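Spelled out from the first residue to the last, the chains are:
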Amino acid sequence: MRITREDVFRVADLAYLDLSESELETYRKQIDEILEYAGKLNELNTTNVEPMAQVLADDQTADATLREDVVVPCDVAPEILKQAPDPEPPYFRVPKVIER
Amino acid sequence: MMTTNWTIDGVKDALTGKKISARELASDYYKRIDARNPELNAYLTLSQDRAFAQAERVDALVAAGKPLPPFAGVPIAVKDVISTRGVRTTCGSKILENYIPPYDATAVQRLEAAGAVILGKTNCDEFAMGSSNENSAYGPVRNPEAPDRVPGGSSGGSAAAVAAGLAVVSLGTDTGGSIRQPGSFCGIPAMMPSYGRVSRYGLIAFASSLDRIGPFAKNVHDIATVLQIIAGRDANDSTSTTAPVPDYRAEADKPVKGLRIGIPKEYFGAGMDPEVRKKVEAGIELYRKLGCEVREIRMPHTDYAIAVYYIIATAEASSNLARYDGVRYGLRVDGDSLLSMYRKTRGAGFGTEVKRRIVLGTYVLSAGYYDAYYLKGQKVRALIAQDFRDAFTKVDAIVTPTSPVPAFKLGERTGDPLQMYLADIYTVTGSLAGVPGISVPCGKICGKLPVGLQIFGPPFGEGRVLQLAQAFEQAGGAAL
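1. Details of the overall build of chain B
Phase 1: Broken down by element type, chain B carries 16 helices and eleven strands.
Phase 2: Taken against the 2.2 N^0.38 rule, which gives 23 Å for 480 residues, the C-alpha radius of gyration of chain B at 21 Å falls within 12% of a compact globule.
Phase 3: Sorting the 480 residues of chain B into buried and exposed places 63% on the buried side.
Phase 4: Here the contacts in chain B between residues at least 6 apart in sequence split such that 76% fall between residues at least 24 apart.

Written out as structure tokens, the structure is:
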């Protein structure tokens, strides 16, 4: 077994994800199977392989220098706040975080 | 007038010949959508107001005798993970059920500026995570070719809409095969451009080093026409390249005689449906007849691609999906503290597959497991990309099946995620390497279930891919 129920619980907590008891167990089993399968990567010796941290080669990337610092209008706050579950313009309201 | 099988050129001829107006054409498509969508479930949201306003602008140009832009009046569909200003964009998820983007994706903006009429948003697996469209929170899509079967995924709605004549062309997204596989299952051409070729601005992120926007169409010529519009540098996506955009239709028209085609042995192994094999082998034979030189090649790390893909894609997803927290947009489920609000919102808003991938992705990035899984995955990803570079020193393109199996029955594979993942074996390799790929129809099993032939080209070799795809289509590949 590669992953325990406690592991799934801990990881779901890191991801701020409420999982039900049955989800915990189902995911544990399924993820265990996936990790078992992923273990086949250990067949390969990658000691001298550089990890592929980006897709494009250096000669394919866009101009790597910084763009001009141009001011463009960005008057989008009212429209964006309209999408918020609990807006109080110009703020997003959330449950109280700091106790007095 | 029968408009079901219209192409971009067909629309142009009809509009300039005043056989139909853009408004009538849009109405015609909406009538057909009303008739077929209850069964197919390809569209989640229709954007009539926006579509008719655009159609009227096109009709005004026609009336004034002004030159028409390349997409004038062409009815298109857009996958619901691509942002459309003022038009609901759900990503197939309950967490974005009522989300209305305040801006357009660059690909959408460019197509509309070229005259396209956006009919609506198409169904997909939640956040593009799936290979059958069964992970949508809004129900599965049915395959127009075989309604008891899946259309493929994750861009199932975009594929089904074009295949059923509910749009002339559509946009999908491909992270591990999500354009090419549904194209193959629904029997239409479908293309994933090179990473960096098409701006991802406005594409709601799943896995940022893999996600790409690309077209579905009735023929390869239309694929080239869409790509022409959406390709090219965009200041809003720093990974979009300044590499010049060639004339794709001219590239597609070039003869293929003498081109070297590589057939990787690793793509014809166990797990492949024998009927799919027969069709793809007939497809390779067709290339021989067209004067191409067919060579067997080796791509030794192919067998590791699924493991690498499901580590890297889920790791990136766990990070990208952290933004759904109930604060700025989307669903909020109240809790007695900020953290409990986050947990409840995400627990209730995300579906089964998305939560599974967030857990897996968080795990492979977590302390103690990062080196064993994520870093190892990135190293093997480099080896897979090297396989492609090595191959392209010997051949001009690589030809493989798109999927080891044809469209399967609804519900047949939902119980076992690993088995579902393994069916992505032939598409994830090109996703990891960043190369362009297309799926073109390669006959039908028993005259019913479409098979797709996949063509990979070198990075930014879209022209070569289109050239081979069009030659295949014109030589009767779809009827093999």
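2. A closer look at the overall build of chain A
Phase 1: Assigned secondary structure in chain A consists of three helices and two strands.
Phase 2: When the helices and strands of chain A are read in sequence order from the N terminus, they spell out α-α-α-β-β.
Phase 3: Computed over the C-alpha atoms, the radius of gyration of chain A is 23 Å, more than 25% above the 13 Å expected from 2.2 N^0.38 for a compact globule of 100 residues.
Phase 4: Each principal axis of the C-alpha atoms in chain A carries an extent, and together these give about 55 × 50 × 25 Å.
Phase 5: With 100 residues in all, chain A has 16% of them scored as buried.

3. Focus: the confidence of the model for chain B
Phase 1: Taken residue by residue, chain B gives an average pLDDT of 97. The fraction at 70 or more is 100%.
Phase 2: Interface confidence for the predicted complex, expressed as ipTM, amounts to 0.94; the pTM equals 0.97.

4. Examining unusual backbone geometry
Phase 1: Omega for the peptide link from Pro89 of chain A to Pro90 of chain A comes to 5°, which places this bond in the cis form.
Phase 2: Tracing the sequence through the fold places Pro90 of chain A in the loop between strand E1 (87–88) and strand E2 (91–92).
Phase 3: In this chain, Gly153 of chain B is followed by Ser154 of chain B through a cis amide linkage whose omega measures 10°.
Phase 4: Within the fold, Ser154 of chain B resides in the loop between strand E3 (117–122) and helix H5 (156–163).
Phase 5: Look at Asn41 of chain B: it is not a glycine, yet its phi comes out positive at around 60°.
Phase 6: One can find Asn41 of chain B in the loop between helix H2 (22–40) and strand E1 (43–46).
Phase 7: In this model, Asn133 of chain B sits at a positive phi of 70°, which is unusual for a non-glycine residue.
Phase 8: On the neighbour-count criterion, Asn133 of chain B (34 C-beta atoms within 10 Å) is buried.

5. Comments concerning the packing of helix H1 (residues 5–14) of chain A against helix H2 (residues 21–38) of chain A
Geometrically, a packed helix pair is captured by the angle between its two axes and the distance between the axes.
Residue and element names in this part refer to chain A.
Phase 1: H2 packs onto H1 with a crossing angle of 105° between their chain directions and a minimal axis gap of 9 Å. Taken together, the axes of H1 and H2 lie roughly perpendicular to each other. Across the interface between the two elements, Arg5, Val8 and Phe9 of H1 pack against Leu24, Glu25, Tyr27, Arg28 and Ile31 of H2.

6. Here's the deal with the domain arrangement of chain B
Residue and element names in this part refer to chain B.
Phase 1: When cut into domains, chain B gives domain 1 (8–252) and domain 2 (260–306 + 372–479).
Phase 2: When each unit is reduced to the centre of its C-alpha atoms, the spacing between domain 1 and domain 2 is 23 Å.
Phase 3: Listed by contribution, the elements that provide at least two residues to the side of domain 1 that touches domain 2 are helix H6 (180–186), strand E5 (190–192), helix H7 (220–230) and helix H8 (248–252).
Phase 4: Considering only residue class, the side of domain 1 that touches domain 2 consists of 21 nonpolar, 14 polar and eight charged.

7. Description of the pairing of strand E7 (residues 260–264) of chain B
Residue and element names in this part refer to chain B.
Phase 1: By the bridge criterion, five bridges tie E7 to strand E8 (residues 293–297) in an arrangement that is parallel. Bridge pairing in E8 links Arg260 to Glu293.
Phase 2: For the crossover that starts at E7, traverses helix H9 (residues 274–289) and ends in the parallel E8, the hand is right-handed.
Phase 3: Relative to strand E9 (residues 397–401), E7 runs parallel, the two being bridged by two bridges. Bridge pairing in E9 places Ile261 opposite Ala397.

8. Side note on H7 of chain B
Phase 1: Of all the eleven residues making up H7 of chain B, ten are buried; the element is thus mostly covered by neighbouring parts of the structure.
Phase 2: Those residues of H7 of chain B lying buried are Val220, His221, Asp222, Ile223, Ala224, Thr225, Val226, Leu227, Ile229 and Ile230 of chain B.

9. Things to note about the environment of Asp371 of chain B
Phase 1: Among the secondary structure elements, Asp371 of chain B is positioned in helix H13 (residues 370–391).
Phase 2: On the neighbour-count criterion, Asp371 of chain B (8 C-beta atoms within 10 Å) is exposed.

10. Describing helix H4 (residues 106–113) of chain B
Residues and elements named next belong to chain B.
Phase 1: Most of H4 is tucked away, with seven of its eight residues classed as buried.
Phase 2: Looking at H4, one finds that the buried residues are Thr106, Ala107, Val108, Gln109, Arg110, Leu111 and Glu112.
Phase 3: The elements touched by buried residues of H4 are helix H3 (48–63), strand E2 (75–79), E3, strand E4 (169–174), strand E6 (212–216) and H7.
Phase 4: Just beyond H4, the residue with positive phi is Gly115, at close to 105°.

11. Topic: the interface of chain B and chain A
Phase 1: If you look at the interface, chain B gives 57 residues, while chain A gives 46 residues.
Phase 2: Within the residue set of the side of chain B that touches chain A, elements represented by two or more residues are helix H10 (305–320), helix H11 (338–349), helix H12 (352–365), H13 and helix H14 (417–422) of chain B.
Phase 3: Of all the elements, H13 of chain B adds the most residues to the side of chain B that touches chain A, at eleven residues.
Phase 4: Across the side of chain B that touches chain A, the residue classes break down as 29 nonpolar, 17 polar and eleven charged.

12. Section: the environment of Leu203 of chain B
Residue and element names in this part refer to chain B.
Phase 1: Topologically, Leu203 is positioned in the loop between E5 and E6.
Phase 2: Under the C-beta neighbour-count criterion, Leu203 is labelled buried, with 24 such atoms within 10 Å.
Phase 3: C-alpha separation for the pair Leu203 and Gly73, spaced 130 residues apart in sequence, amounts to 24 Å.
Phase 4: When sequence neighbours within four positions are dropped, the list of residues in contact with Leu203 reads Val81, Ile82, Ala105, Thr173, Asp211 and Ile213.

13. Topic: the environment of Asp234 of chain B
All names here are of chain B.
Phase 1: Topologically, Asp234 is positioned in the loop between H7 and H8.
Phase 2: Taking the C-alpha atoms as reference points, Asp234 and Asn123, 111 residues apart in sequence, are found 27 Å from one another.
Phase 3: Not counting residues up to four positions away in its chain, the partners in contact with Asp234 are Thr106, Ser199, Tyr201 and Ser240.

Conventions and cut-offs
- Residues numbered from 1 in each chain as written.
- Chains lettered and ligands numbered in written order.
- Predicted model: local features only at pLDDT ≥ 70, side-chain atom pairs only at ≥ 80, totals over all residues.
- Helix = DSSP H or I, 4+ residues; strand = E, 2+ residues; numbered from the N terminus.
- Rg over C-alpha atoms; globule rule 2.2 N^0.38 Å.
- Buried ≥ 20, exposed ≤ 12 C-beta atoms within 10 Å, placed from the backbone.
- Contact = placed C-beta atoms within 7 Å.
- pLDDT = per-residue confidence, 0-100.
- Axes fitted to C-alpha atoms, helices over the stretch in contact; angles between N-to-C directions.
- Parallel < 35°, antiparallel > 145°, perpendicular 65-115°, else oblique.
- Domains from an automatic or database assignment.
- Nonpolar A, V, L, I, M, F, W, Y, C, P; charged D, E, K, R; others polar.
- Pairing = 2+ DSSP bridges.
- Right-handed = clockwise from strand over helix to strand, strands pointing away.

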